[in-house]
Amino acid sequence: MVSKRAFVCSLGSIYLSLLFVFLLMDVYARPANSSVLKEKAADSKDENEILPPDHLNGVKMEMDGHLNKEFHQEVFLGKEMEEFDEDSEPRRNRRKLMVIFAKVDQNKDKKVSAKEMQRWIMEKTEEHFQEAVEENKMHFRAVDPDGDGHVSWDEYKIKFLASKGFNEKEVAEKIKNNEELKIDEETQEVLDNLKDRWYQADNPPADLLLNEEEFLSFLHPEHSRGMLKFMVKEIVRDLDQDGDKKLTLSEFISLPVGTVENQQAQDIDDDWVKDRKKEFEEVIDADHDGIVTMEELEEYMDPMNEYNALNEAKQMIAVADENQNHHLELEEILKYSEYFTGSKLMDYARNVHEEF
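All of these numbers come straight from a predicted model, not from anything done at the bench.

*Asks:* Mind showing me how you'd approach the packing of aromatic side chains here?
*Replies:* Evaluated as defined, the whole model comprises 13 aromatic pairs. Pairing tryptophan 198 with phenylalanine 218 gives two aromatic rings, centres 5.2 Å apart and planes at 75°, and the pair type is edge-to-face. You can see tryptophan 198 sitting in helix 9 (residues 185-201) and its partner phenylalanine 218 sitting in helix 10 (residues 212-219), a full 20 residues away along the chain. You'll find tryptophan 198 and phenylalanine 218 in the same group, each marked buried. Aromatic pair tyrosine 339 and phenylalanine 340: ring centres 5.1 Å apart, planes at 90°, arrangement edge-to-face. The two residues tyrosine 339 and phenylalanine 340 agree in class, both being buried. Following the ring pairs from residue to residue traces out a cluster consisting of Phe140, Trp153, Tyr156, Phe160, Trp198, Phe215 and Phe218.

Below, the structure written as structure tokens:
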């Protein structure tokens, strides 16, 4: 017979093992919203203010072509997303979900329809947009120190290089005198890409100066139809292997260059491919001809596309709709809380609590 102490120790070992697995997943997985630029930006407030974010809130695909793994949580939780973390007390999280459910259930019939979920998704997406607009005001001031309401590419370039550790005065002087700047290859490549986006954000008539609204398009291309098209072109360019400006399934699911270090990482790679294959075949390829055109990808990425929001609502309902009535009851959302909140340990913690 197992003693109570042995049982508790065993339970603690299981918890630590699971925690270690999740930490490994964070290291080896290919999350949609990670990049070398983003990691560097986190270390510098100034750089974070002027670099376009790699992660686009409320958008299904990132600028680098990766699927946004947090999308479901973003469009369901909105601003409350940060409150649902792995260390949160399960009962408190359940209460929060109950409050959100009541808000989504507009007609108060104690179940959520696809239309109600669609309305909620659109509201949360708009909420992300408004946050970006407010943040942009602060970011624009950081690159427009003279406050004239316009920023030139050279002004932005000076601030960007300063955030990378270059001497701001020296850089400004060299640019003013058209002198050569000694910039490493990686930084120069980033600058070239940013310059392309800068020109795309410069609305006609082009004056090579960005006002606050144009700077918003530069930082958040999902806010501008023209920039959305440009972002799609960049993604297709990166993934298109045969140069036909279209994407096949094999091109879309091709793994990034890298080495799988162990079986666990291989399993994560397999899941990554599986997710992309499903998204390609069931959602992005609208006419199911095995080819994704730029137009199809643009429609898929448009965060304010109501048809896409309705499809997303139906998919979210299907995940947890155990009684198959095409609606979500509160019990179903609570049971599948991990899908809606993204908290990896939430269900496990609840089960341990119930055991005791």
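*Asks:* Before we go on, may I ask you to explain helix 5 (residues 90-104) in this structure?
*Replies:* Note that an α-helix has 3.6 residues per turn; residues three or four places apart therefore point the same way. With 15 residues, helix 5 extends 21 Å between its outermost C-alpha atoms, agreeing within 8% with the 21 Å of an ideal straight helix rising 1.5 Å per residue. Within helix 5, the full set of buried residues consists of Pro90, Asn93, Lys96, Leu97, Ile100, Phe101 and Val104. Projected down its long axis, helix 5 carries its buried residues within an arc of 140°, all on one side.

*Asks:* Would you explain empty space enclosed by the protein in this entry?
*Replies:* Taking a probe equal in size to a water molecule and rolling it over the atoms shows the remaining empty space. Scanning the model with the defined rule gives three cavities of 30 Å³ or more in all. By volume, the largest cavity amounts to about 90 Å³. Forming the walls of the largest cavity are 14 residues, and the residues nearest its centre are Lys60, Phe71, Asp302, Pro303 and Asn308. Contributions of two or more residues to the lining of the largest cavity are made by helix 6 (114-143), helix 14 (294-301) and helix 15 (306-320). If you tally residues by element for the lining of the largest cavity, the top one is helix 15, at three residues. Grouping the constituent residues of the lining of the largest cavity by class yields seven nonpolar, four polar and three charged.

*Asks:* Please explain the nonpolar core as it appears in this structure.
*Replies:* Nonpolar side chains in soluble globular proteins generally cluster together in the buried interior. By size, the foremost hydrophobic cluster in this structure holds 27 residues, and its most contacted members are Phe76, Met117, Leu328 and Phe340. Looking at which element gives the most residues to this core, the answer is helix 15, with six residues. The contact partners of phenylalanine 340, leaving out residues within four places of it in the chain, are Gln73, Phe76, Leu77, Met316, Ala320, Leu328 and Ile333. Among the nonpolar cores identified, the runner-up in size contains 25 residues, and Ile50, Trp153, Val190 and Phe218 belong to it.

*Asks:* What is the right way to look at a negative patch on the surface in this model?
*Replies:* A grouping of Asp184, Glu185, Glu189, Asp192 and Asp196 is seen on the molecular surface, where their side chains present a negatively charged patch. Tracing the backbone through its elements, the reader meets aspartate 192 in helix 9. The partly exposed category is assigned to aspartate 192, whose relative accessible area is 40%.

*Asks:* I tried to follow the pattern of salt bridges on my own but got confused; where do I start?
*Replies:* Here the idea is simple: oppositely charged side chains can pair when their charged atoms come close. Summed over all chains, the structure comprises 15 salt bridges. Glutamate 279 is paired through a salt bridge with lysine 60; the nearest N and O atoms lie 3.3 Å apart. Linking glutamate 279 in helix 13 (residues 263-284) with lysine 60 in the loop between helix 3 (45-50) and helix 4 (71-77), this pair joins segments that are 219 residues apart in sequence. Residue glutamate 279 shares its accessibility class with lysine 60, and that shared class is buried. The salt bridge involving lysine 69 is made with aspartate 275; its shortest N-O contact spans 2.4 Å. You can see lysine 69 sitting in the loop between helix 3 and helix 4 and its partner aspartate 275 sitting in helix 13, a full 206 residues away along the chain. According to the relative accessible area criterion, lysine 69 is partly exposed, its value standing at 38%. Judged by relative accessible area, aspartate 275 falls into the partly exposed class, the value being 35%. One continuous salt-bridge network, built from bridges that share partners, spans Arg225, Lys229, Glu298, Glu299 and Asp302.

*Asks:* How do you make sense of the packing of helix 9 against helix 11 (residues 225-239) when you look at a structure like this?
*Replies:* For any two helices packed against each other, one specifies the crossing angle of their axes together with the interaxial distance. The contact between helix 9 and helix 11 brings their axes to 9 Å, and the two run at 150°. Looking at the two axes, helix 9 sits roughly antiparallel to helix 11. Crossing handedness for the pair helix 9 and helix 11: right-handed. Only Met227, Phe230 and Glu234 of helix 11 make contact with helix 9, whose side of the interface consists of Asp196, Arg197, Gln200 and Ala201.

*Asks:* Help me understand the packing of helix 11 against helix 14, please; the structure alone is not making it clear to me.
*Replies:* Where helix 11 meets helix 14, the axes come as close as 10 Å, and the angle between the chain directions of the two elements is 120°. Relative to helix 14, the element helix 11 is oriented oblique. The two elements helix 11 and helix 14 cross, and the hand of that crossing is right-handed. On helix 14, the residues that touch Arg225, Leu228, Lys229, Met231, Val232, Lys233, Ile235 and Val236 of helix 11 are Met294, Leu297, Glu298, Glu299 and Met301. Taken together, the residues of the contact of helix 11 with helix 14 break down into eight nonpolar, no polar and five charged.

How each quantity is defined
Residues numbered from 1 in each chain as written. Predicted model: local features only at pLDDT ≥ 70, side-chain atom pairs only at ≥ 80, totals over all residues. Heavy atoms only, no water. Phe/Tyr/Trp six-rings, centres within 6.5 Å; stacked < 30°, edge-to-face > 60°. Helix = DSSP H or I, 4+ residues; strand = E, 2+ residues; numbered from the N terminus. Buried < 20%, exposed > 50% of the residue type's maximum accessible area, 1.4 Å probe, protein only. Expected span 1.5 Å × (residues − 1). Arc of directions from axis to C-beta. 1 Å grid on protein atoms, 1.4 Å probe; cavity = no way out; pocket = protein on both sides within 12 Å on 5 of 7 lines; lining within 4 Å. Points joined across faces, edges and corners; volume = space filled by probe spheres on them. Nonpolar A, V, L, I, M, F, W, Y, C, P; charged D, E, K, R; others polar. Core = buried A, V, L, I, M, F, W, Y, C linked by side-chain atoms within 4.5 Å. Contact = heavy atoms within 4.5 Å. Patch = residues over 30% accessible without salt bridge, like charges linked within 9 Å, V, L, I, M, F, W, Y side chains within 5 Å. Areas by Shrake-Rupley, 256 points an atom, 1.4 Å probe, with all protein chains shown as cover. Salt bridge = Lys/Arg side-chain N within 4 Å of Asp/Glu carboxyl O. Lys, Arg positive; Asp, Glu negative; His and termini not counted. Charge placed at Lys NZ, Arg CZ, Asp CG, Glu CD. Axes fitted to C-alpha atoms, helices over the stretch in contact; angles between N-to-C directions. Parallel < 35°, antiparallel > 145°, perpendicular 65-115°, else oblique. Left-handed = near helix turned anticlockwise from the far one by under 90°.

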